[in-house]
Amino acid sequence: MSTNQNNLPAIISHCKEYGFIFPSSEIYDGLSAVYDYGQWGVELKKNIKDLWWKSMVYMHENIVGIDSAIFMHPTIWKASGHVDNFSDPMIDNLDSKKRYRVDHLIEGFVENLDAEKGAQIIADMELLLAKDDFDGLKNMIVNLGIKCSVSNTCNWTNVRQFNLMFSTQLGSVAEESDTIYLRPETAQGIFVNFLNVQKTGRMKIPFGIAQIGKAFRNEIVARGFIFRMREFEQMEMQFFVRPGTQKEWYEHWKETRMKWHLALGIPQEKYRFHDHVKLAHYADAACDIEYDFPMGFKEVEGIHSRTDFDLTQHQLYSKKKMQYFDNDIDEATGKAFGNYIPYVIETSIGLDRTILMVLSEAYTEEDLSTAEKQDSRVVLKFPIKIAPIKLAILPLMKKDGLAEIAKELMQSCSEHFFCFYEEKDSIGKRYRRMDALGTPFCVTIDHQTKEDGTVTIRYRNSMEQERIHMNDVKELVMKSMH
RNA sequence: GCGAAAGUAGCUCAUUUGGUAGAGCACGACCUUGCCAAGGUCGGGGUGGCCGGUUCGAGCCCGGUCUUUCGCUCCA
């Protein structure tokens, strides 16, 4: 499967040691699957957000952004189907301590029966599931004599609901308050603002609304460093299209998004599409863009053709029309297309997963040993446009006015991109430190700089260096950032 | 959630059968130096993940717990 050796532990440790990502609440023993971004991680994250935002919003005149609240009206999650579908009834076997999803347990049992009998049981189960009749489900399991595959006993707990949405109270007095949820996806904030944006922005179909924001899912098992966290950040775009055109737009966005990934400098063979066979209740087509992580191919981004499910549901539950009036002429009838509920193509990429992808791709251990001496370096080969630090400015020594020249250069560059100044330690050591942070360029100010204004520029990937005029440094870095 | 492994300084790790914790690197100051992990001197930093038990005495033995990694499981 994966062509990588699993260097995830090395990446995690590097992230912590060099100030990219820390375990949350570490001095209190940590909090499972929660991480904080440190001084360089936050720069990396911000650069990736900016890159996505530019490519989606600035580069498409028919896409605009919004920033909706995490708290939303609880009915939104009924309309979206999350209250009913985003939870799984579970049951535990008391002897083996093994936990099962009730539907999986029953389906597994049915596999060994003849088809007719099995179909009846499944039908009964679906009825009970639809009614949230947990006692009924428990009785069904007991009556059928379904045993745990590990302990081989029928010693079951009651059926319990594990909702993947976090809930909290709105209002300071719990008794008077409503239960509200932390949003499990950012998409609904876009759907409920669909008409606000369409009308105030005078948007014509096809058009898109983009959003970057946090979402929360109470995963039973969250694991894999920042791959699956309970609090995570999504970058989503919902693209509203005329019904009947969704297939071509789905293909369009599949292609467009894959181009974005390849523009990160990641080779094609590290990606693959994974088409969903079993579609979610809202979709008529769906696929994932998967990246070859250290632990194998996993989803980074999802592209879903969500039909008119969400807007129709909101129209139903809110009793507000979610229609769009299309003035364009339908060639088939010679008349305007008129009122309809648009179809939606969604692109949804996990920001934290993208960061893990970029880190996995960039993390490189190099052996630089020669016959005389053993040597190695760890270098993060980030694409220049997302590197946390673009340029390190290093006076060869503090004295003789070299630091002053370096500070001047620092000042003139800092308003354009993020620079790092360092005068401690030997130049070789400073280069290695910048490699570990993924800084693509280092310039060194020496005595010759005082004479002719030239500096040594050193390139991260090749470790080569050349002399250029210090007035050209800013230009060189800025050009390379595109 | 189940199973396995791990947790000692910022990092990588020692401390072989229980006897009041050590190295290298890193960090800070000063001196020497100056283009790919420099040398010297001095210095800061650990109630051994946490809690409890056994013991005269626990980093080491026992129990519990937390966290991480790996494999299952889960992932509208």
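This structure is a prediction, so every number in the text was calculated from the model and none was measured.

### Details of the nonpolar core
- Among the nonpolar cores identified, the biggest contains 59 residues, and W52 and F382 are the most heavily contacted of them.
- If you tally residues by element for this core, the top one is helix α12 (residues 351-362), at seven residues.
- Counting only domains with at least three residues in this core, you end up with domain 1 (7-71 + 184-307 + 318-359) and domain 2 (389-480).
- With residues up to four places along the chain from it excluded, the contact list for W52 reads A210, Q211, I212, M235, E236, M237, R257, W260 and I349.
- Membership of the second largest hydrophobic core comes to 22 residues, among which are L402, A403, Y459 and V477.

### Re the domain arrangement of chain A
- Taken domain by domain, chain A consists of domain 1 (7-71 + 184-307 + 318-359) and domain 2 (389-480).
- Each of domain 1 and domain 2 has a C-alpha centre, and the two are 37 Å apart.
- There are zero salt bridges connecting domain 1 and domain 2.
- Taken together, domain 1 and domain 2 are joined by one residue pair in polar contact (both at pLDDT 80 or more).
- The residue inventory of the side of domain 1 that touches domain 2, partitioned by class, reads three nonpolar, two polar and one charged.

### Looking at the state of the cysteines
- Taken as a whole, this structure holds zero disulfides when the rule is applied.
- C419 takes part in no disulfide bond, and the closest cysteine sulfur, belonging to C413, lies 4.8 Å away.
- Given the relative accessible area of 4%, C419 is considered buried.

What counts and what doesn't
Every chain's residues receive numbers from 1 upward, in the order its sequence appears when written. Think of it this way: whatever chain is written first is A, whatever ligand is written first is 1, and the rest follow in order. With pLDDT at 70 or above as the cut-off, local features in this predicted model cover only qualifying residues; side-chain atom pairs require 80 or more to be listed or tallied, and sums for whole chains, interfaces and linings still use all residues. To obtain the side-chain values, all non-hydrogen atoms of the structure were included, while hydrogens and water were left out. Nonpolar cores are built from buried Ala, Val, Leu, Ile, Met, Phe, Trp, Tyr and Cys residues. Side-chain atoms within 4.5 Å join them into one set. Accessible area is worked out with a 1.4 Å probe on protein chains only. A residue is then buried under 20% of its type maximum, exposed over 50%, and partly exposed in between. Helix and strand assignments follow DSSP, with helices taken as H or I runs no shorter than four residues and strands as E runs no shorter than two, numbered in order from the N terminus. For each domain, the first and last residues come from an automatic or database assignment. We call two residues in contact whenever any of their non-hydrogen atoms come within 4.5 Å of each other. A carboxyl oxygen of Asp or Glu within 4 Å of a side-chain nitrogen of Lys or Arg is what we treat as a salt bridge. Pairs of N or O atoms within 3.5 Å make up the polar contacts considered here, provided that, within protein, one atom can donate a hydrogen while the other can accept it, and that residues adjacent in sequence are counted only when both atoms are side-chain atoms. Residues are grouped as follows: Ala, Val, Leu, Ile, Met, Phe, Trp, Tyr, Cys and Pro are nonpolar; Asp, Glu, Lys and Arg are charged; all remaining types, including Gly, are polar. Cysteine sulfur atoms that pair up within 2.5 Å are treated as a disulfide.

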